[in-house]
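Below are the chains, spelled out letter by letter.
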Amino acid sequence: MDISQSFAAAIGLILGGDPAFLAIVGLSLTVTLSAVAIAAFIGLPLGALLALARFPGRGAVIVLVNALMGLPPVVAGLLVFLLLSRSGPLGPLGLLFTPTAMVLAQTLLVLPIVIAITRQLTEDLHGEYREHLASIGLTGRSAIPTLLWDGRFALATAILAGFGRASAEVGAVLIVGGNIAGYTRTMTTAIALETSKGDLPLALGLGIVLILLTLAINAVTYGASRVGARFAG
Amino acid sequence: MRDTLSVLPLTVTDLVFEAGGRRLVDGIGFTLPQGGLTVLIGPNGSGKSLTLRLCHGLLTPHSGSISWAAADGIVSGVKRHAMVFQKPVMLRRSARANILHALAAFGLSRGERTARAAEALERFGLAGLADRPARLMSGGEQQRLAIARAWALRPQVLFLDEPTSQLDPGATRQIEEMLMALRGEGMTLVMATHDMGQARRLADRVLFLHRGHLGEDAEAATFFAGPASTEARAFIAGDLVW
Amino acid sequence: MLTKRHLLGATTALLALGAAALAQDTRPAATTAAPAPAGTRFITVASTTSTVDSGLFNHLLPLFKAKTGIDVRVISQGTGQALDTGRRGDADVVFVHARAAEEKFVADGHGGPRRPVMYNDFVLIGPKSDPAGIKGSRDIAAALTAIQTKAAPFVSRGDRSGTHQAELALWQAARIDLAATRGTWYREIGQGMGAALNTAGGMNAYVLSDRATWLSFRNRGDLDILVEGDRRLFNQYGIMLVNPQRHPHVKQADGQAFIDWIVSPEGQKAIADYKINGQQLFFANASDTGA
């Protein structure tokens, strides 16, 4: 197989403006960004809370969250699958093989990353701020907003790590989404499909587009956080 | 000052603090009346910083009592004592935002916060640096901002833990002038230092700490003229005291 | 300055996006009972990798949609897995190829009745170098015996798919006890047809494939058809509705409409019309009630 064929395929996909392809890209971004947003919404405060709270078993919780960063996507997918299947506890919602199910599965994958990195960053920052914050009356949970806000540019890394994991994985979205053409087909499941159809240049072409997208999102976030960090010191 | 109620005097009785099985503050007691600049002096590890933190409420004593004229140094729901640290804690924000943040933590209205922050920046010569990221300012500027931030909270008592130990002589002189001005306005200052020259220049009263004990409590003039204890004498003479 | 407002705005936008996705997806579920407006009507069909990978559905579904306005969401799985999906009630219609398994599915009350739809045939694919020397044979049992005797590499789907079940039946027909004789030459990969062909190409191995997938497969490398035409390589597809008594959410009317269309003269013609490079992939035979 010729690599140049793949680049040609990638360029053709990008310039061609094929609505089916654009829908796949759109769905990939919608699912992954939704999962990352939900995971951030839950994970940032939870990670900060874990950084500040002292309770028996805290060490075990930290180890567990760190370990869950390595949760295999297929396992996350399987859990959500069993939950959402018509024969499962949430079956009546009819969410299996829908984008919502994919968002749910990816949220499960991203959440431990956001919590673990937020916990670490917040704990370090709190070490630096603790006395001043206590001096002006911000002890315990009341310190969380300050820490999250001041750590925002470092925390962007946590969000990006989560985005990277979600946008790259295929196992979870394939199981709970079903790779339905025009409905739950994402970049990664399309790549898996084209590979199984033996159309390797197209599969790699899709892969190139995915990498370019990820690159663009990382570059924008990195640039924004650099500029922001310069303002914030 | 507009205050009708004072948190002073502060009465500290038989203060004890332990960490790692060692008694680091051992039976310290003194009374702090309104006004003046009190210097806590003594070698490293004598318990100066810990005593300040205990008084400010950052640490909890194992025994003994810290009793303000108003409970916990709070009047009408507002804490009336503030603290400035050896290494200024600068939030990752502009100079102005650092002050606004502390004022917000005190629950002040937006209008009041803006007014007070502007006043504090002006008062401490930071108006031109207001939008500069605090962490990119020089050490002297940062410590000035830390004092301005504390001042904006309108404390009756300001605790300072070796505020100039990391500054060059020029910045140190600026800080000292500010502290003298605050004292002149009636604020009560309590500062830890191990710089004898600084203690001589600023102190109205000296508390000499040694190994967690209060070695001497005297008027500055009296203390520097002739300390009562051999440890204090040796310390003034520049000898190492253990 | 990058303000709190900007970040809040971005976060809000993201959350709104997520919420929109959620809202959008719960709508069809909520309207399953009521007649839905055109465009939101859909059924879920659990089918096999061969029908999807060969492109047959891409050909059929737009025709069906144009006629009825019903969207068909196809999950591509091995036959065994697709039947499981139907058993759990996660699909409305099952469209697979393993007659014995299908009949058991119906007998167990999970769905039915089973309707024959079409057939194609299996072909034995292998490297052009043909280490077992079976090229041109029309006897699949003899070919498999030669492969086993020479211990030539053979890739098995190993995924309970229709093709996998057909392969196992063929070994049996050749009187080869895989459990007793299999060695490292017999490689189960537990994946779909396309993956099995990719693997066989990479390892210069033999592999049993349905003809449709082979014809549409693009990464043939050194592989070619070595054995075809044996009656035992016949591959029948059947379709059935998942039992709505057992799973009340099953869209009986729309699912049945799809089945009725597939076996109608119109659907049968559409199947027969699907060609790759002029070659017909599937042979419609709904009228053959014995199939």
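None of the values given here were measured: they were computed from a predicted structure.

**A look at the overall build of chain B**
Line of reasoning, step 1. Regarding its fold elements, chain B presents eight helices and eleven strands.
Line of reasoning, step 2. The C-alpha radius of gyration computed for chain B amounts to 18 Å, which stays within 12% of the reference 18 Å derived for 242 residues, consistent with globular compactness.
Line of reasoning, step 3. If one aligns the C-alpha atoms of chain B with their principal axes, the spans along those axes are about 55 × 40 × 35 Å.
Line of reasoning, step 4. Residues counted as buried form 53% of the 242 residues belonging to chain B.
Line of reasoning, step 5. Restricting to contacts in chain B with at least 6 residues of sequence separation, those with at least 24 account for 69%.
Line of reasoning, step 6. Approximately 10,300 Å² of chain B is accessible, and the part contributed by carbon and sulfur atoms is 50%.

**Here we look at the packing of aromatic side chains**
Line of reasoning, step 1. Counted according to the given criterion, the structure contains 17 aromatic pairs over all chains.
Line of reasoning, step 2. Each ring, one from F64 of chain C and one from F258 of chain C, has its centre 5.0 Å from the other, and the planes form 75°; the classification is edge-to-face. Here F64 of chain C is found in helix α3 (residues 56-68), whereas its partner F258 of chain C is found in helix α11 (residues 252-263), with 194 residues between them in sequence.
Line of reasoning, step 3. Overall, F64 of chain C belongs to the buried group, its relative accessible area being 0%.
Line of reasoning, step 4. Given a relative accessible area of 0%, F258 of chain C falls into the buried group.
Line of reasoning, step 5. Pairwise contacts between aromatic rings join F208, F223, F224 and F235 of chain B into one cluster.
Line of reasoning, step 6. Residue placement shows R152 of chain A over the ring face of W149 of chain A; its charged tip is 3.8 Å from the ring centre.
Line of reasoning, step 7. Directly above the aromatic system of Y183 of chain A lies the positively charged group of R73 of chain C, at a separation of 3.1 Å from the ring centroid.

**So, the sheet that holds strand β3 (residues 37-41) of chain B**
Through backbone hydrogen bonds, the strands of a sheet pair up, either in parallel or in antiparallel fashion.
Residue and element names in this part refer to chain B.
Line of reasoning, step 1. Read across the sheet, six strands follow the order β7-β8-β9-β3-β10-β11 without closing on themselves; strand pairing throughout is mixed. Strands with a single pairing partner mark the edges of an open sheet, and in this sheet they are β7 (81-84) and β11 (213-219). Averaged over all pairs of adjacent strands, the angle between strand axes in this sheet comes to 15°, irrespective of strand direction.
Line of reasoning, step 2. Note: strand β8 (residues 157-161) against strand β9 (residues 188-193), five bridges, orientation parallel. Within β9, the position partnered with L160 by the bridge is M191.
Line of reasoning, step 3. The strands touched by helix α5 (residues 169-184) are β3, β8 and β9; relative to β9, the strand with the most contacts, the crossing angle is about 150°.

**Things to note about the domain arrangement of chain C**
Residue and element names in this part refer to chain C.
Line of reasoning, step 1. Domain boundaries in chain C define domain 1 (28-119 + 236-284) and domain 2 (120-234).
Line of reasoning, step 2. Its C-alpha centre places domain 1 at a distance of 27 Å from the equivalent point of domain 2.
Line of reasoning, step 3. Contacts between domain 1 and domain 2 engage 22 residues on the former and 18 residues on the latter.
Line of reasoning, step 4. For the pair domain 1 and domain 2, the summed buried surface comes to about 1,500 Å²; carbon and sulfur atoms form 57% of the total.
Line of reasoning, step 5. Together, H97, Y119 and L281 form the three largest contributors to the area buried by domain 1 at its contact with domain 2, with a combined 26%.
Line of reasoning, step 6. Note that R160 and D84 form a salt bridge whose closest N and O atoms lie 2.8 Å from each other.
Line of reasoning, step 7. Taken together, domain 1 and domain 2 are joined by five residue pairs in polar contact (both at pLDDT 80 or more).
Line of reasoning, step 8. For the side of domain 1 that touches domain 2, the elements supplying multiple residues, two or more each, are α2 (49-53), α4 (79-87), β4 (115-127), β9 (234-241) and β11 (279-280).
Line of reasoning, step 9. With four residues, the single largest contributor to the side of domain 1 that touches domain 2 is α4.

**A short note on the side chain of K197 of chain A**
Line of reasoning, step 1. Following the sequence through the fold, K197 of chain A ends up in the loop between α9 (187-196) and α10 (200-232).
Line of reasoning, step 2. Judged by relative accessible area, which is 18%, K197 of chain A ranks as buried.
Line of reasoning, step 3. Apart from the residues within four sequence positions on either side, K197 of chain A is in contact with D53, S216, F217 and R218 of chain C.

**Describing the pairing of β11 of chain B**
Residues and elements named next belong to chain B.
Line of reasoning, step 1. Of the strand pairs in this sheet, strand β10 (residues 205-210) and β11 are connected by six bridges, and their pairing is antiparallel. Counterpart to V206 in the pairing with β11 is A218.
Line of reasoning, step 2. Connecting the antiparallel pair β10 and β11 is a turn made up of two residues, with R211 showing a positive phi of about 50°.

**Comments concerning α11 of chain C**
Line of reasoning, step 1. Taking 1.5 Å of rise per residue, the twelve residues of α11 of chain C would be expected to cover 16 Å, and the 16 Å separating its terminal C-alpha atoms lies within 8% of that figure.
Line of reasoning, step 2. For α11 of chain C, every residue scored as buried is listed here: D254, G255, F258, I259, W261, I262 and V263 of chain C.

**Side note on the sheet that holds strand β1 (residues 10-19) of chain B**
Residues and elements named next belong to chain B.
Line of reasoning, step 1. With antiparallel pairing, the three strands of this open sheet are ordered in space as β2-β1-β4. A strand with exactly one partner marks an edge of an open sheet, and here the two such strands are β2 (22-32) and β4 (63-67). Strand-to-strand, the axes of this sheet are offset by a mean angle of 20°, without reference to chain direction.
Line of reasoning, step 2. Contacts between helix α1 (residues 48-56) and the sheet are confined to β1, β2 and β4, with β2 contributing the most and set at about 60° to the helix.

What counts, and at which threshold
- Residues numbered from 1 in each chain as written.
- Chains lettered and ligands numbered in written order.
- Predicted model: local features only at pLDDT ≥ 70, side-chain atom pairs only at ≥ 80, totals over all residues.
- Heavy atoms only, no water.
- Helix = DSSP H or I, 4+ residues; strand = E, 2+ residues; numbered from the N terminus.
- Rg over C-alpha atoms; globule rule 2.2 N^0.38 Å.
- Buried < 20%, exposed > 50% of the residue type's maximum accessible area, 1.4 Å probe, protein only.
- Contact = heavy atoms within 4.5 Å.
- Areas by Shrake-Rupley, 256 points an atom, 1.4 Å probe, with all protein chains shown as cover.
- Phe/Tyr/Trp six-rings, centres within 6.5 Å; stacked < 30°, edge-to-face > 60°.
- Lys NZ or Arg CZ within 6 Å of the ring centre and 35° of its normal.
- Pairing = 2+ DSSP bridges.
- Axes fitted to C-alpha atoms, helices over the stretch in contact; angles between N-to-C directions.
- Domains from an automatic or database assignment.
- Buried area = accessible area lost by both parts, 1.4 Å probe.
- Salt bridge = Lys/Arg side-chain N within 4 Å of Asp/Glu carboxyl O.
- Polar contact = N/O pair within 3.5 Å; in protein donor to acceptor, adjacent residues only side chain to side chain.
- Expected span 1.5 Å × (residues − 1).

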